[in-house]
Amino acid sequence: MDFSIVIVVVCLVLAVALVVIYLVFGRSEANFTMDIGGAAPKAAGGSDSSSEKTTSSRLVGLLVGVGAVFSVLVARLWSMQLVSSEEYAEQAERNRRSTIYTQAPRGRILDRKGREIVTNRASLTVVADGAVVDDLIEVQLLGNLIGMPAQAVRRRLQDTTEGYQSPRMVSVDVSRRVVAFIGEHPDVFPGVSVQERTQRSYPHGSLAAHVVGYVGTVSQEQLEASGSGEDGTPEYRSGDVVGQSGVELSYESVLAGVRGEQTVFVDAHGDVLGYSTNIDPVPGSDVVLTLDIDIQAAAEESLARIVEQRRSAGADCPGGSVVAIDCTNGEVIAMASYPTFSPNVFTGGIAQSDWDVLSAEDSHYPLLNRAISGQYAAGSVIKPLTSFAALNYGIATPDSSWYCSGWWSWSGKSQGDTIMKCWQESGHGAIGLSSGITYSCDVVFYEIGKGFYNSENPEGMQETFRAYGLGSKTGIDLNGEEAGVIPDAAWKREHYKALGYSDEDSTWRGGDNCNISIGQGDVQVTCLQMAQSYCSIANRGPAWKPHVLKGVRAKVGESFVSEYRPEQVFSVEESDSFREVIERGMWGVTYEESESQASHWTNMSISVSSKTGTGEQIGPGRNICWFGCFAPSENPKYVVFSNVDGGDWGATTAMLVVRDTLGAIYGEPDNSDAVYAAGD
Amino acid sequence: MARELKEILTLGTKGSARRAAAAHASRLAGPLSGLYLSQLIPALLLVVIGVITIWSASISIPEANFVSHLAGIAIGLVAAVLVWRYDMRALSSMTTVLFVLACILMVLPRIPGLGYEVNGMMGWVRLGPVRFQPSEPSKIVVIFLMASAAAQYNGKIETFRDYARLCGTLLVPLLLIMTLDLGTGLVIFFIGATIIIVSGAPRTWVLLTIALIVGVAALVIITSMIDGLPHILKEYQLNRLIVFVDPDVDPTNNGYNLTQAMIAVGSGGFFGKGFGNATQALNGFVPEAQTDFVFSLFAEQFGFVGSLVLLSLFTWMIVSTVLLAMKTESMYMRLILVGCVGMWTFQVLENVGMCLGIMPITGIPLPFVSYGSSSMVVQLVSVGIVQSVWRHRQKAA
């Protein structure tokens, strides 16, 4: 600025100087020109009279210059309006079109009888034009009315994720008072209105929370993965509310529906000039689950009660899980994990404080679905499978008999060898395989483990466990499932070497065989895996893929547009004579192992075959208590399995959860209050 | 005077019969003989194109007042008739007065109380109810000034003193306006340079001067880009130069404007989108679509065909003016015509070229088409000047 004033001053001085020159020498100037004209011959070349020629040729040059200018302009116009016209036209179209998005209501999630587990509720939402953000007073008043800081209101108003022309969402679930006030004072709140939108709603609270999962704003990874068409999920936009776990995630493509798109013509300020194509939102489809909310509720309530009893008794009891499966087709009737959470805290965006609680270690990870993600030592519930292995590989026969003195060692000597105890330290005496299952005699299985170690098929047990589905995922239609571990020599070498152990310590030993024969050592299984293996035992071979989806409902009526087709994932061939041994043993667990235990089952109209288990967890130093069963024994329909991490005995914790769940299925509640003293 | 008026009123009614008269008698031969139709017709057609274009602009651009545009044309036509009737040779010896007038016009907007800003642009003057840009009439003043200063050498500038004096005469008003309004400054520079070159300045001196100007311009740009050195170019001017080189640098302001203007032109295609359908220029994507970016508005609606017609009319008008200059014997009159040619050519090049992305962005109106009364009046006056040269050509001999 200063500089240009300097130039102006200098120019004015120059101007005055020039004017003076003109005025003083103006006349002589003309004379001077005359003089030059007179003295023309002094110019070289003699082309003196060329003044006319010079200007004429320069005028021709001027014409050429003008021609050049216009040629350049026309050439450029040619390239823009003819050659590249389509690109520009496309950009112009992109400029003038804008899209307003409407979220489609998500489909409901129903139980097998069509009762709502997750639904949508109307939510009164305050929305406002983007232009409101410029009115500081209105923003402040709006904030005061809703009870939000003005800064937060402003940020919401500047959020254009639903399209620039869409009204901006200011606050969801506002009170009737706010709605009434805005309705009565349109002059105070120009551009602000109240809309009825939908929010996820959970009529049964946290019921089946781990199965149905929760929804949340689409994450960066989901955004990037969407639209590629790989997983069939719809193309997401930033700000979309999508399934984040459980059924909400597994069946996102069915539940989500298709968002509505209204194309509008806009000017440069984003003001709508006209409307173009409109695609109405397509609501998501309702999904029917295999769960039965009555049985689910009974299972959850029982599990919670048992865990809380343990906790109030001062035990370190992080949680537990229970699964009830229809073994004839793999339908999951109930699946619960404790501790649980309320999916409701996720609607409208989860508060940081809530998230901190849900992800804290001392709240025992409520978001974890222990039924499919919790990997634990199997303990004695694996013994029926060990028995099948022993029979198949000739380690034992249906008539084999062992002697249990309460302790056992590899060499049989009490000195100079590791002593391994049976849980019943007084010993079981002479005992066969069937009774070995019934009374869960560890010595019998130590012998089997030793027998395998010395046999031609040292890994026959592992092969049998794997044949029954252990060590790999069941493939249930829920995210986060774990595969568990069935250790063998190769696994041990690799795993232990990676942990830094010596070659010697990484070598498979006889003791390892004894450990896995009773489901301990490095064996890791999930509750669902065990349930699936018992399904195979109950079905005498076939096992179906466990699943929670029954079908997807048609938009109108209660029929299905698509139904889950049960899929047999494996079938284990066993000789009937072997099956009778194991089935007899498992029937015995229910009715013969102990009187107090039996009293919980004799009050049912059906017979039940089961197995208890109490595994020692070396790391945490607490027991993992198991109970699994199939019922009715003669013609099995259901497999129910439960585990409680930090229980005392299987029969005092997990068994009661299974009994309550099975009781809910058959409408026969457990009226026995017999407490099992000591037994496994 | 009455006879001449009658000539205008009876235009075209009895012209053809006497068309065969000798050239030196042509003024007497018919009522149309006082008009140089080869220049007048394209100019009036351009005015019509401007009226159509500004009409479309007035649909959605509140700043484009159609009535005011027509008023500007009316005032301009009256002024043109007055100029046409006036024999401008009276001005040939008034170099000093013209020089002072030019300087006054350039300084006017800087006088407190008179000058004021429109849209952040200096260069406007308010005299009572009248608001105008003195830079527009100063173009005409500079044409007369440079023509009268250069004509005295009669087509032959032989001493460096004379050349330097001519350049100096141009330089002072030029620098005064350039610091205020770079666009008009460039127009004035081109007017002056065209006149100096055509008036017979030696080629080597001209080339040396051009080299000097390029050097100074480069220096000005470079110092403006470096902190601590004097910034002669204003920031927006520097930005315009930068986005001219790469529009993506600043896609929200100048680069955005340029990109949007080019989209408007390109999306017009062969036949254009039709009258009133300029989705780019009329919906606010192209700024100043009624003035600086008026060509975008026109080309989007009327496409390549329309643009070709527009440029052909300009070419027709300019070429006929140059042809008239060739036939004009008076050096002074000839240089005046050359000045008009320089003004039109550069304004078309800059205004159209800017919309096509081949010239940097400056605020120069498209003659006869852009909205704005100051510009319209001045351009119509320039038409009157050409017509006056034609009308008084015999006396020039």
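Rules used throughout
Per chain, residues are indexed from 1 in the order of the written sequence. Key to labels: chains lettered from A, ligands numbered from 1, both in the order written. pLDDT decides what is reported in this predicted model: residues at 70 or higher carry local features, side-chain atom pairs at 80 or more are listed and counted, and totals for whole chains, interfaces and linings draw on all residues regardless. Remark: hydrogens and water are excluded; side-chain values derive from all non-hydrogen atoms of the structure. Under the DSSP-based scheme used, a helix requires at least four consecutive residues in state H or I and a strand at least two consecutive residues in state E, with every element numbered from the N terminus. For salt bridges, the criterion is a side-chain nitrogen of Lys or Arg within 4 Å of an Asp or Glu carboxyl oxygen. Only protein chains enter the calculation, and the probe is 1.4 Å; a residue is then buried if its accessible area is under 20% of its type maximum, exposed if over 50%, and partly exposed in between. A pair of aromatic rings is counted whenever rings of Phe, Tyr or Trp (Trp by its six-membered ring) have centres within 6.5 Å, and the orientation is called stacked for planes under 30 degrees apart, edge-to-face for over 60 and tilted otherwise. Note on pairing: DSSP must find at least two bridges between two strands before they are called paired. Here an axis means a line fitted to C-alpha atoms, over the contact stretch when the element is a helix, while the angle between two N-to-C directions is reported on a 0 to 180 degree scale. Contact definition: two residues touch when any of their heavy atoms are within 4.5 Å. Here a patch means residues that are over 30% exposed by relative accessible area and free of salt bridges, tied together within 9 Å if like-charged and within 5 Å if nonpolar (Val, Leu, Ile, Met, Phe, Trp, Tyr). Using a 1.4 Å probe, the Shrake-Rupley method yields the accessible areas, and only the shown protein chains count as cover for residues. The predictor rates its confidence in each residue with pLDDT, a number between 0 and 100.

(A) Main features of unusual backbone geometry. Residue and element names in this part refer to chain A. Omega for the bond connecting Tyr-338 with Pro-339 falls within 30 degrees of zero, at 0°, which places this linkage in the cis form. Pro-632 follows Ala-631 through a cis peptide bond whose omega is -10°. For Pro-632, the location among the structural elements is in the loop between strand S22 (622-631) and strand S23 (638-645). Not every positive phi belongs to a glycine, and His-364 is a case in point at roughly 60°.

(B) Quick look at the pattern of salt bridges. Residues and elements named next belong to chain A. Enumeration over the complete set of coordinates arrives at 36 salt bridges over all chains. Note that Asp-503 and Lys-497 form a salt bridge whose closest N and O atoms lie 2.1 Å from each other. Among the residues examined, Asp-503 registers a relative accessible area of 52% and is labelled exposed. For Glu-583, the salt bridge is made with Arg-540, and the minimal N-O distance between the two is 2.8 Å. One end of the pair, Glu-583, is in helix H21 (residues 576-591); the other, Arg-540, is in the loop between helix H20 (527-539) and strand S17 (542-544), and 43 residues separate them in sequence. Owing to a relative accessible area of 37%, Arg-540 belongs among the partly exposed residues under this scheme. What you see here is one network of salt bridges that share partners, running through Asp-111, Lys-113, Arg-115, Asp-292 and Asp-294.

(C) Representation of the packing of aromatic side chains. Following the criterion strictly, the structure yields 29 aromatic pairs over all chains and no others. Plain terms: the ring middles of Tyr-496 of chain A and Tyr-501 of chain A are 5.1 Å apart, the flat faces sit at 45° to each other, and that makes the pair tilted. For Tyr-496 of chain A, a relative accessible area of 17% gives the class buried. Ring geometry for Phe-160 of chain B versus Tyr-163 of chain B: centroids 6.2 Å apart, planes at 45°, classification tilted. Residue Phe-160 of chain B and its partner Tyr-163 of chain B are located together in helix H7 (residues 160-178), separated by 3 residues, close to a single helical turn. Using a relative accessible area of 6% as the deciding quantity, one classes Tyr-163 of chain B as buried.

(D) Structural detail: the sheet that holds S22 of chain A. Residues and elements named next belong to chain A. The strand order across the open sheet built from 5 strands is S12-S11-S23-S22-S21, with neighbouring strands paired in antiparallel fashion. The open sheet has two edge strands with one neighbour each: strand S12 (331-338) and strand S21 (609-617). Strand-to-strand, the axes of this sheet are offset by a mean angle of 10°, without reference to chain direction. Here S21 pairs with S22 via 9 bridges, running antiparallel. When the sheet's bridge partners are listed, Gln-617 is paired in S22 with Arg-622. Where H21 meets the sheet, its contacts fall on S21 and S22, and the angle it forms with S21 comes to roughly 80°.

(E) Seen up close, a nonpolar patch on the surface. All names here are of chain B. Side chains of Val-48, Ile-52, Trp-55, Ile-59 and Phe-275 sit close together on the surface and give an oily, nonpolar patch of about 470 Å² of accessible area. Examined against the element boundaries, Trp-55 turns out to sit in helix H3 (residues 37-60). Given a relative accessible area of 47%, Trp-55 falls into the partly exposed group.

(F) The confidence of the model for chain A, seen in detail. In the predicted model, chain A carries a mean pLDDT of 86, and 92% of its residues have values of at least 70. Taken as a whole, residues 27-49 of chain A scores under 50 in pLDDT and shows 13 contacts with residues more than four places along the chain or in a different chain.

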